[in-house]
Amino acid sequence: MPFPDVKLANRPLHFIYLCDCSGSMAASGKMQALNQAIRQSLPGMAAVARDNPEARVLVRAVSFADHAAWHIQTPTPVDQLEWRDLQAGGITAMGEALQLVAAALQTPPMEVRALPPVLVLISDGQPTDDFAAGMAALLRMPWAQKAVRLAIALGHDADLEVLQRFIGSDPSPTAGRSPRRPLQASNATSLAQYIQWASTAVVGAASMPASRVQETPLEAPAGNIPLPDLPPTVLDPTDDVGLTVW
Amino acid sequence: MVNRWAAPIGASRAGAAHRRANRPCQDALLCRELRSADGRPVMVMAVADGHGGRRYLRSDVGSRLACEGALAAVERALQERPPGDGDGGWSRWLERELPEAVVAGWLQAVEADWHRQPGEGPFQPLLYGSTLGLVVMTPLWWGHTGLGDWDLVRVEADGRALLVEEESDPAAAGEATCSLCLPQAAALFAPRAALHPIPPDDDAFALVLCTDGIRKSCATDADFLTLAAWLARSGGEAGSEGAGTLEAALDRISREGSGDDVTVAIGRLGVPGEEPAAAGGPAPARAQTPPPPRPAIGRAVAIGLGLAAAGAALLALVWPRSGPPEVLPAASPGLQAAREEVARLCAQPTTIPLALRRRAELFAALRKGQADPTRLKAAAAGDPLAALIAADVAPTAPGVPAQTSRPRPLQALGACPALLAALDQQWAAAPPSPPPAP
């Protein structure tokens, strides 16, 4: 019998950047470094997507300053993505950005059979709106609870406590595994390394279908996707790398 | 008593992603014909899916031992008492006694494996974590039990496919699932267990038991049901040579789909497709029209479709308007998709509660005002079920109980009583609307 007329399909993997575009990002070339880091990471991300054909990597981006808005609203296959530069200016409506992402993580439009999404929050400052309300809205979404949530702090003025709340607490720190803490980028080089890591190693890990035990109060959770090791040059994310610029 | 069950067949294949990463197949499969104490043939099929995360280093062994242990436990029970007619306590056996025996045996087996080949660190059942789906087929009844994200489909002789069982715990979603390695594993079988008596005049049908890699490879559940019907048919046609056919199909499913390991087991009562009523071969599940063999259902659908034709005016009031023309044309793709979805659900009313439970998040979001019904209805062509749910949302004021009798727009689309009742149940289970802001 011939194979039936059914649609087999790989599983969507949604990757969403949440980028701080407040006025302070204009200082010391942070905005330029972020644009450059994301743009330079795209070929590597596309290569990882090609190597994992069972996942369909779809990228979106939210920018937040005075208000939050979709910078890339349509989930875009990474090999079709052209990064338009973000512009700095305004305050830090991080809570509104979380609300925006929360709305996008509803099912539908999120597909029931999607892989856990990857959310990357990048900020150099403190939220100026209701971060707690945004975080609560986000965590009400089951897809946000299942997501791999990463945060990159730019410079020493970033609110690490807020970024840690976005990631969630480190449930089971294990020797040899990357800790779940905000990644602290103190210059353009380390920012580029972290963006590269998130867009390649993490995407690769999230692309592999790997079932796991449903967590219970009796079992320490291990996170949704086992995070791969950080780049060798920045094994300890709290260490400064090179000259502190930001 | 003539046992009309054919010997079950199946196949298990390493997924495309696993092969590329040089990882073993972590699925397992076992199909066997057993004999009860009074000599009756009893067919058993088991599938298991070892967890893929790197914490579960020996899950390939865990899944194999799960299948072996399950069959051994069934065999022991059959030696103690024959599977007579009536329930005779077999429901309880599927829900409690068999799970306790399976879990206890699995824990012993995996620990023995660890001691035979010790690894680093202490022994933990977690290292062997696996799901288990089990189907027992006797001359008088068939039943299923297990835990984890396996799926079970019943395929009728005319090709209609019905999702009988799936993991519906909302906490076990994404890549998370229930597992034999959990402390409360034996208690997790009961919600997945059921016994189905076989009437003497029952038509031929097939049961398709599969690990999650197959369903996750399909773009929609309709595709999954069509594929299950085809697997039942093609596996049956190939007979004892079916494994090769199935293996080739499974390789393709994984390669073009999820990349996960894929396993299927097929049990057949009679031979689907060869009954007189099915002359001309089975219809694809996706393309089916309301089937005639079930009079009550067929009548409901017929009445519903009649109402749909007569209720265009009502429909225009409740369905979204996407700009001019003011009234959505009856031939719009979204409306057509919604009407087909109603017909599909009402043709298989026992699938309705499961289908709606899978959208529990959407019910909650609509109730809380976090989802936009207008947008969902406008997107009916892409997700007709979501549009139907959105069209049924009751306009309730905070603090006011939901109306028990209210206008039901879906009646204009031919919604059957089973669909409306299941919607009511799901709305009742959804969290209440938030209180008004002070």
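Each chain carries its own residue numbering, running from 1 in the written order of its sequence. Written order decides the labels, with chains lettered from A and ligands numbered from 1. Totals for whole chains, interfaces and linings use every residue, but because this is a predicted model, local features are given only for residues with pLDDT of at least 70 and side-chain atom pairs only at 80 or more, for both listing and counting. No hydrogens and no water enter the side-chain calculation; it runs on all heavy atoms of the structure.

What to know about the overall build of chain B
And step 1. For chain B, the count of helices and strands is 14 helices and 11 strands.
And step 2. Contacts are assigned to residue pairs that have any heavy atoms within 4.5 Å of one another. In chain B, 74% of the contacts between residues at least 6 apart in sequence involve partners at least 24 apart.
And step 3. Note on areas: these come from Shrake-Rupley sampling with a 1.4 Å probe, and a residue is covered only by the protein chains present in the view. Total accessible area on chain B is roughly 18,100 Å²; 57% of this is exposed by carbon and sulfur atoms. Helix and strand definitions follow DSSP, with helices as H or I runs of at least four residues and strands as E runs of at least two, each counted in order from the N terminus.

Digging into the sheet that holds strand β5 (residues 141-147) of chain B
Residue and element names in this part refer to chain B.
And step 1. Strand order in the open sheet formed by 5 strands is β2-β3-β4-β5-β9, with antiparallel pairing between adjacent strands. Both edges of this open sheet fall to β2 (27-35) and β9 (194-197), since each of them pairs with a single strand only. Averaged over all adjacent pairs, the angle separating strand axes in this sheet is 10°, with direction ignored.
And step 2. Inter-axis angles, ranging from 0 to 180 degrees, are taken between N-to-C directions of lines fitted to C-alpha atoms, where helices are fitted over the stretch in contact. Running over the sheet, helix α2 (residues 59-80) touches β2, β3 (41-49) and β4 (132-137) and is turned about 15° from β2.
And step 3. Most of the contacts of helix α3 (residues 90-116) go to β5, to which it runs at about 40°, and overall it touches β4, β5 and β9. Here, a strand pair is defined by DSSP locating no fewer than two bridges between the strands.

A short note on the sheet that holds strand β5 (residues 148-154) of chain A
Residue and element names in this part refer to chain A.
And step 1. Strand order in the open sheet formed by 6 strands is β3-β2-β1-β4-β5-β6, with mixed pairing between adjacent strands. On the outer flanks of this sheet lie β3 (68-77) and β6 (183-185), each paired with one strand and no other. Strand-to-strand, the axes of this sheet are offset by a mean angle of 15°, without reference to chain direction.
And step 2. Sheet topology note: the strand β1 (residues 11-20)/strand β4 (residues 118-123) ladder contains 5 bridges and is parallel. What sits directly across from Cys19, in β4, is Ile122.
And step 3. Here helix α1 (residues 30-51) sits on the sheet in contact with β1, β2 (55-64), β4 and β5, set at roughly 170° to β1.

Considering unusual backbone geometry
And step 1. Along the chain, Thr107 of chain A connects to Pro108 of chain A via a cis peptide bond; the corresponding omega equals -15°.
And step 2. Residue position: Pro108 of chain A is located in the loop between α2 (94-104) and β4.
And step 3. Geometrically, the link from Pro108 of chain A to Pro109 of chain A is a cis peptide bond, its omega value of 15° lying close to zero.
And step 4. Looking at where Pro109 of chain A falls in the secondary structure, it is placed in the loop between α2 and β4.
And step 5. In the Ramachandran plot, Asn22 of chain B falls in the positive-phi region, its phi being about 55° despite a non-glycine side chain.

Quick word on the pattern of salt bridges
Residues and elements named next belong to chain B.
And step 1. By salt bridge we mean one thing: a side-chain nitrogen of Lys or Arg within 4 Å of a carboxyl oxygen of Asp or Glu. Scanning all chains against the criterion turns up 21 salt bridges over all chains.
And step 2. Put simply, Glu247 and Arg13 hold a salt bridge, and the shortest N to O gap is 3.8 Å. Taken together, the residues Glu247 in helix α6 (residues 242-256) and Arg13 in strand β1 (residues 5-13) connect sequence positions 234 residues apart.
And step 3. Residues participating in the shared-partner salt-bridge network are Arg13, Arg19, Glu247 and Asp251.

Thoughts on α3 of chain B
Residue and element names in this part refer to chain B.
And step 1. One fitted axis covers the seven residues ending at a residue, a second covers the seven starting there, and the bend at that residue is the angle between these axes. At Leu98, α3 shows its maximal kink, close to 35°; a proline, Pro99, follows between one and four residues later.
And step 2. Accessibility here uses a 1.4 Å probe with only protein chains present; expressed as a share of the type maximum, an area under 20% marks a residue as buried, one over 50% as exposed, and anything in between as partly exposed. Within α3, burial applies to Trp90, Trp93, Leu94, Leu98, Pro99, Val102, Val103, Trp106, Val110, Asp113 and Trp114.
And step 3. In this structure, the buried residues of α3 make contact with α2, β4, β5 and β9.

Points about helix α3 (residues 131-139) of chain A
Because the α-helix completes a turn every 3.6 residues, residues three or four places apart line up on one side.
Residue and element names in this part refer to chain A.
And step 1. Listed in full, the buried residues belonging to α3 are Phe131, Gly134, Met135, Ala137 and Leu138. For α3, the angular spread of the buried residues around the axis is 160°, confining them to a single face.
And step 2. Among the structural elements, α2, β4, α4 (142-146), β5 and α5 (160-167) are those in contact with the buried residues of α3.
And step 3. Here α3 starts with a cap whose side-chain oxygen sits 3.4 Å from the backbone nitrogen of Ala132, and that cap is Asp130. The directions considered for the arc are those from the helix axis to the C-beta atoms. N or O atoms within 3.5 Å of each other form a polar contact, as long as, within protein, one can give a hydrogen and the other can take it, and as long as residues adjacent in sequence are counted only when both atoms are side-chain atoms.

A few points about the state of the cysteines
Residues and elements named next belong to chain B.
And step 1. What counts as a disulfide here is a pair of cysteine sulfur atoms lying within 2.5 Å. Evaluated as defined, the whole model comprises 1 disulfide over all chains.
And step 2. The disulfide partner of Cys346 is Cys416, and the gap between their sulfur atoms is 2.2 Å. The disulfide joining Cys346 to Cys416 has a torsion of about -90° about its S-S bond and is therefore left-handed. One end of the pair, Cys346, is in helix α9 (residues 333-347); the other, Cys416, is in the loop between α13 (384-392) and α14 (417-429), and 70 residues separate them in sequence.
And step 3. Here Cys210 is not cross-linked by a disulfide; its sulfur's nearest cysteine counterpart is in Cys218, at 8.6 Å.

Description of the packing of aromatic side chains
And step 1. The pairing test for Phe, Tyr and Trp rings, Trp by its six-membered ring, is centres within 6.5 Å, and the orientation test on the planes gives stacked under 30 degrees, edge-to-face over 60, and tilted for anything in between. Summed over all chains, the structure comprises 10 aromatic pairs over all chains.
And step 2. What links up through ring pairs into an aromatic cluster is the set Phe15, Tyr17 and Trp83 of chain A.
And step 3. Over the ring of Trp143 of chain A we find Lys146 of chain A; its NZ or CZ atom is 4.7 Å from the centre of that ring.
And step 4. Here the basic side chain of Arg192 of chain B rests over the ring of Trp150 of chain B, its NZ or CZ set 4.1 Å away from the ring centre. Distance and angle both matter: a charge sits over a ring if NZ of Lys or CZ of Arg is within 6 Å of the ring centre and within 35 degrees of the ring normal.

A look at the confidence of the model for chain A
All names here are of chain A.
And step 1. Values of pLDDT, ranging from 0 to 100, describe the predictor's confidence in every residue of the model. Mean pLDDT for chain A: 86, with 83% of residues reaching 70 or above.
And step 2. Residue range residues 216-222 is modelled with pLDDT below 50. Its contacts to residues more than four positions away, or to other chains, number 15 contacts.
And step 3. Segment residues 232-242 is flagged for pLDDT under 50; beyond a separation of four residues in sequence, or across chains, it makes 20 contacts in the model.

So, the confidence of the model for chain B
Residue and element names in this part refer to chain B.
And step 1. Here chain B averages 79 in pLDDT, and 77% of its residues register 70 or above.
And step 2. Here helix α7 (residues 295-310) is the element of chain B with the lowest mean pLDDT, 30, and β4 is the one with the highest, 98.
And step 3. Across residues 398-402, confidence stays below pLDDT 50; counting only partners more than four residues off in sequence or on other chains, it has 3 contacts.
And step 4. Two numbers describe this predicted complex: its pTM, 0.69, and its ipTM, 0.76.

Description of the pairing of β4 of chain B
Residue and element names in this part refer to chain B.
And step 1. For β4, a buried count of 6 out of 6 residues is recorded, marking the element as mostly surrounded by other parts of the structure.
And step 2. Neither face of β4 is open: one carries Leu132, Leu134 and Val136, the other Gly133, Val135 and Met137, and all of them are buried.
And step 3. As defined by bridge partners, β3 adjoins β4 across 5 bridges and the pair is classed as antiparallel. In the sheet register, Ala46 faces β4, and the bridge partner there is Leu134.
And step 4. Sheet topology note: the β4/β5 ladder contains 6 bridges and is antiparallel. Paired with Val136 across the strands is Gly143, a residue of β5.
And step 5. Connecting β4 to the antiparallel partner β5 that follows it, the hairpin turn spans 3 residues.

A look at the packing of α2 of chain B against α3 of chain B
Residue and element names in this part refer to chain B.
And step 1. Where α2 meets α3, the axes come as close as 8 Å, and the angle between the chain directions of the two elements is 135°. With respect to each other, α2 and α3 are oriented oblique. Crossing handedness for the pair α2 and α3: right-handed. Here Val61, Gly62, Leu65, Ala66, Ala70, Ala73, Val74, Arg76, Ala77 and Leu78 of α2 come into contact with α3, specifically with Trp90, Trp93, Leu98, Ala101, Val102, Trp106, Ala109, Val110 and Asp113.
And step 2. We call Asp, Glu, Lys and Arg charged. Ala, Val, Leu, Ile, Met, Phe, Trp, Tyr, Cys and Pro are nonpolar, and the rest, Gly among them, are polar. Classifying every residue of the contact of α2 with α3 gives 16 nonpolar, 1 polar and 2 charged. Reported orientations rely on four angle classes, namely roughly parallel under 35 degrees, roughly antiparallel over 145, roughly perpendicular from 65 to 115, and oblique for the rest. Handedness of a crossing is defined here by the sense of rotation of the near helix relative to the far one, left-handed for an anticlockwise turn of less than a right angle and right-handed for a clockwise turn.

With respect to the side chain of Arg113 of chain A
And step 1. Mapped onto the fold, Arg113 of chain A is located in the loop between α2 and β4.
And step 2. When charges are tallied, Lys and Arg are placed among the positive residues and Asp and Glu among the negative ones, while His and the ends of the chain are skipped. Buried within the structure, Arg113 of chain A lacks any salt-bridge partner; Asp221 of chain B is the closest side chain of opposite charge, at an N-O distance of 7.4 Å.
And step 3. Polar contacts involving the side chain of Arg113 of chain A include one to the main-chain carbonyl oxygen of Lys216 of chain B, which spans 2.5 Å.

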